[in-house]
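The primary structure of each chain is shown beneath.
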Amino acid sequence: MLPAMGMREFERVTLRGETNQRLKDLAAFRPKNRTSSDPRELVALADAEMQVEAESSFRQIRDSFRYKRKDLQFTSEPGQCEIATPDFNYRISIFLDPAQEADAIWRREIFAIKDDEIVRSEPFQNLLHQRFNQLIYAFEKKVSLENFIDRLEEKALNQVSVDYDGRTSWCEIGIEKLPGLLRLTPNELTISGDKLLTLFEYFKQSLDGFALLADGA
């Protein structure tokens, strides 16, 4: 059974964007900066690049939203920086791509969003710069994909398509008139797309759609 999802639980939404970068393109890879050929150490050296971007994002957030110093908290640790604001948190991190050790992954996330109105604001839209293409909703409790899939297949709804792997570790659902696919794991729902506001509208519609699909589950 799917847990009830409502906008009061909006803080469980994370916006995420990831980009891959070849290690050889990192400033840390340049011969004058390189002290090791270990990919993990090279990613660690790229920490300086991440700090520069994080400081730039801090200034942009502070100035665009007109926050005061006491409104913001900047924390940093190897491979990750985070900026906490009264309305949301912003985090940037860099790590080695587990599937391709010749690449590093830059991950940018916005989470702990207080409400969806902040997302529609011009400063928020400027912050995004089209870097975010995933909306992730973390379930409060684990979902039984087996039970949910069984319910969908029993209903045999023409407007719904469902796909899943043999181990039922994930499930993808297409709902007629809603763009794209929704991907579920026992812990979260992920919606992917290029336009953030479209993702939010899709998310809201998905909540209604799930309420109908899971009725009686």
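Residues numbered from 1 in each chain as written. Predicted model: local features only at pLDDT ≥ 70, side-chain atom pairs only at ≥ 80, totals over all residues. Heavy atoms only, no water.

### Focus: the sheet that holds strand 1 (residues 13-22)
Move 1: Pairing within the open sheet is antiparallel, and its 10 strands lie in the order 2-3-4-5-1-6-10-9-8-7. Edge strands, defined here as strands with exactly one partner in the open sheet, are strand 2 (73-77) and strand 7 (160-164). Averaged over all neighbouring strand pairs, the angle between strand axes comes to 20°, with direction disregarded.
Move 2: In this structure, strand 4 (residues 89-96) lies alongside strand 5 (residues 103-111), joined through 8 bridges in antiparallel fashion. Each residue of the ladder has a partner; that of serine 93, found in strand 5, is arginine 107.
Move 3: Sheet contacts for helix 2 (residues 47-64): strand 2, strand 3 (80-84), strand 4 and strand 5; angle to strand 3, the most-contacted strand, approximately 10°. (Pairing = 2+ DSSP bridges. Helix = DSSP H or I, 4+ residues; strand = E, 2+ residues; numbered from the N terminus. Axes fitted to C-alpha atoms, helices over the stretch in contact; angles between N-to-C directions. Contact = heavy atoms within 4.5 Å.)

### Considerations on the pairing of strand 2
Move 1: Taken together, the 5 bridges between strand 2 and strand 3 define a ladder with antiparallel strand orientation. Its bridge partner lying in strand 3, phenylalanine 74 is registered against isoleucine 83.
Move 2: Between the end of strand 2 and the start of strand 3, which pair antiparallel, lie 2 residues, with glycine 79 showing a positive phi angle near 85°.

### Some details on the pattern of salt bridges
Move 1: On inspection of all chains with the given rule, the structure shows 9 salt bridges.
Move 2: Glutamate 53 is the partner of arginine 108 in a salt bridge, and the nearest nitrogen-oxygen pair spans 2.6 Å. Of this pair, arginine 108 sits in strand 5 while glutamate 53 sits in helix 2, placing them 55 residues apart in sequence. Comparing arginine 108 with glutamate 53, the two get one shared label, buried. (Salt bridge = Lys/Arg side-chain N within 4 Å of Asp/Glu carboxyl O. Buried < 20%, exposed > 50% of the residue type's maximum accessible area, 1.4 Å probe, protein only.)

Keep in mind these values describe shape, not function.
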